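Next come the chains, spelled out residue by residue.
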Amino acid sequence: MTITQLYYVLAVAEHQNFTKAAEKCFVTQPTLSMQIQKLEDQLDILIFDRSKKPIELTDVGKKIVNQARNIVNESYRIQDIVDQQKGFIGGAFKLGIIPTIMPTLLPMFLKTFIKKHPKVKLKIEELTTDEIITRINDGHLDAAIVATPLELDTIKERVLYYEPFVSYIPRSHRLHQNKKIAVSDLDINDMLLLEDGHCFRDGVINLCKAFKNNTEDSFQIESGSIETLIKLSNEGLGMTLLPYLHTLDIKDNEKDNLHYFNDPSPAREVSIIYHKSELKMQIIEALQATISGIIRGAIAFQNVEIISPKSK
């Protein structure tokens, strides 16, 4: 049994096709098939059910893939050890970022990070929290920036910053005249929300439910972007909540609609997360240092109350 054979097994499990898996592994399809066949013969089992289209894992094959993923990940640690010993920060690195963080945070740190660490080849994807968790556990992401705490056994979290919620309240709204907002003022029935699947939406729902007995989870208007929520609010269709960094680029004629909360301000915890195997830690630590250093000057809030992104 070899690491290469296990790597080929993982590729076929991912693509459910021998030809596509061979292309990913930069080998011919007969070479990949032969190595997997050798492994199956050695173990005296079938890892894949080749009669199915697309190819499926057998029951024992599913267990083998889980263990193979652990073994392949651990084999990568040898190169990690060498890189850390040499102080080398470089190589390919796949980073996921959730949609409510990516447009504000990425422009703040990316140029600085690339300049400091030119040997790191970043591949960045905008993904939901659920997609990120799946890809980290499958080994398809090295790390991600999400709202936490998630409290998952397979994933570790390092806090980057705390980002307060800010109310966006149009002139026609009942709360517009309030200089400061209390959480108890919020009514989820006149709140514009992001579509289901956004953890910021879950945080807002949890915030409202903590202070009111709202039993209905049906809302008049939901949108896929914060920018659309602002436009809908400007039309008098309700108020919304924004992450603080989104308020920095708000138009001058819209700033009057921003209302801050009484202390402690509700906030989300933003962290860099990664698999418990702790691969490529030198790059993760470099990202953490760069982002934390930049964000310190952008968010001056200290007195905050963290709202969980997990639905309750």
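The structure displayed is predicted, hence computed values, not measured ones.

Peer 1: Kindly report on the overall build of the protein chain, identifying the contributing residues and their values.
Peer 2: Regarding its fold elements, the protein chain presents ten helices and 13 strands. The principal-axis extent of the C-alpha atoms belonging to the protein chain is close to 75 × 45 × 30 Å. The buried share among the 312 residues of the protein chain stands at 47%. Sequence-distant contacts in the protein chain: of pairs separated by 6 or more residues, those separated by 24 or more amount to 76%. Across the protein chain, the mean location of the 37 positive side-chain charges is 6 Å away from that of the 41 negative side-chain charges.

Peer 1: Report on the side chain of Ser-292, specifying residues and quantitative values.
Peer 2: Counting through the fold element by element, Ser-292 comes out in helix 10 (residues 281-295). Separated by 2.9 Å, the side chain of Ser-292 and the backbone oxygen of Gln-288 make a polar contact.

Peer 1: Would you mind going over a nonpolar patch on the surface in detail, with residue names and values included?
Peer 2: Where nonpolar side chains cluster on the molecular surface, the patch consists of Val-159, Tyr-162 and Ile-306 and spans about 220 Å² of accessible area. Mapped onto the elements, Ile-306 comes out in strand 13 (residues 304-306). A relative accessible area of 32% means that Ile-306 is categorised as partly exposed.

Peer 1: I'd love a proper account of the nonpolar core, names of residues and values included.
Peer 2: Judged by nonpolar contacts, the single largest core of 69 residues is most densely connected at Phe-109, Ile-132, Ile-145, Tyr-161, Leu-186 and Leu-241. The dominant element in this core, judged by the number of residues it contributes, is helix 10, at seven residues. Counting 20 residues, the second-largest nonpolar core is a separate cluster that includes Cys-25, Ile-64, Val-65 and Ala-68.

Peer 1: Tell me about the pattern of salt bridges, residues and numbers included.
Peer 2: Using the criterion set out here, one finds twelve salt bridges in the structure. A salt bridge links Lys-24 to Glu-14; the shortest N-O distance between them is 2.8 Å. Of this pair, Lys-24 sits in helix 2 (residues 18-25) while Glu-14 is found in helix 1 (residues 3-15), placing the two residues ten residues apart along the sequence. When its relative accessible area of 37% is taken as the criterion, Glu-14 is described as partly exposed.

Peer 1: So what about the confidence of the model for the protein chain? Which residues, and what values?
Peer 2: Summarising the model, the protein chain shows a mean pLDDT of 88, and 93% of its residues fall at 70 or more. Within the model, the stretch residues 211-215 combines pLDDT values under 50 with ten contacts to residues more than four positions away or in other chains.

Peer 1: Just give me the short version of the environment of Ser-172, but keep the residues and values in it.
Peer 2: Assignment of secondary structure puts Ser-172 in the loop between strand 6 (155-168) and strand 7 (180-181). Owing to a relative accessible area of 61%, Ser-172 belongs among the exposed residues under this scheme. Ser-172 sits 107 residues away from Leu-279 along the chain, and the two C-alpha atoms are 52 Å apart.

Peer 1: How would you summarise helix 5 (residues 102-116) if you had to cite specific residues and measurements?
Peer 2: One full turn of an α-helix is made of 3.6 residues, so residues set three or four places apart face in the same direction. Given a rise of 1.5 Å per residue, 15 residues ought to cover 21 Å, and the 20 Å separating the end C-alpha atoms of helix 5 matches this to within 8%. At Phe-109, helix 5 is bent by approximately 35°, the largest bend along its length. Where helix 5 is concerned, the buried positions are Met-102, Thr-104, Leu-105, Leu-106, Phe-109 and Phe-113. Elements that come into contact with the buried residues of helix 5 comprise strand 3 (91-97), strand 4 (120-126), strand 5 (143-148), strand 6, helix 9 (244-247) and helix 10.

Peer 1: If you had to explain the packing of helix 1 against helix 2 to someone new, which residues and values would you point to?
Peer 2: Two elements in contact, helix 1 and helix 2, have axes separated by 8 Å at closest approach and are oriented at 130°. In terms of their interaxial angle, helix 1 and helix 2 are classed as oblique. Judged by the sense of rotation from one axis to the other, the crossing of helix 1 with helix 2 is right-handed. Where helix 1 approaches helix 2, its residues Tyr-7, Tyr-8, Ala-11, Val-12, Glu-14 and His-15 are matched on the opposing element by Phe-18, Lys-20, Ala-21, Lys-24 and Cys-25. The residue makeup of the contact of helix 1 with helix 2, split by class, is seven nonpolar, one polar and three charged.

Reading the values: rules and limits
Residues numbered from 1 in each chain as written. Predicted model: local features only at pLDDT ≥ 70, side-chain atom pairs only at ≥ 80, totals over all residues. Heavy atoms only, no water. Helix = DSSP H or I, 4+ residues; strand = E, 2+ residues; numbered from the N terminus. Buried < 20%, exposed > 50% of the residue type's maximum accessible area, 1.4 Å probe, protein only. Contact = heavy atoms within 4.5 Å. Lys, Arg positive; Asp, Glu negative; His and termini not counted. Charge placed at Lys NZ, Arg CZ, Asp CG, Glu CD. Polar contact = N/O pair within 3.5 Å; in protein donor to acceptor, adjacent residues only side chain to side chain. Patch = residues over 30% accessible without salt bridge, like charges linked within 9 Å, V, L, I, M, F, W, Y side chains within 5 Å. Areas by Shrake-Rupley, 256 points an atom, 1.4 Å probe, with all protein chains shown as cover. Salt bridge = Lys/Arg side-chain N within 4 Å of Asp/Glu carboxyl O. Core = buried A, V, L, I, M, F, W, Y, C linked by side-chain atoms within 4.5 Å. pLDDT = per-residue confidence, 0-100. Expected span 1.5 Å × (residues − 1). Bend = angle between axes of the 7 residues up to and from the residue. Axes fitted to C-alpha atoms, helices over the stretch in contact; angles between N-to-C directions. Parallel < 35°, antiparallel > 145°, perpendicular 65-115°, else oblique. Left-handed = near helix turned anticlockwise from the far one by under 90°. Nonpolar A, V, L, I, M, F, W, Y, C, P; charged D, E, K, R; others polar.

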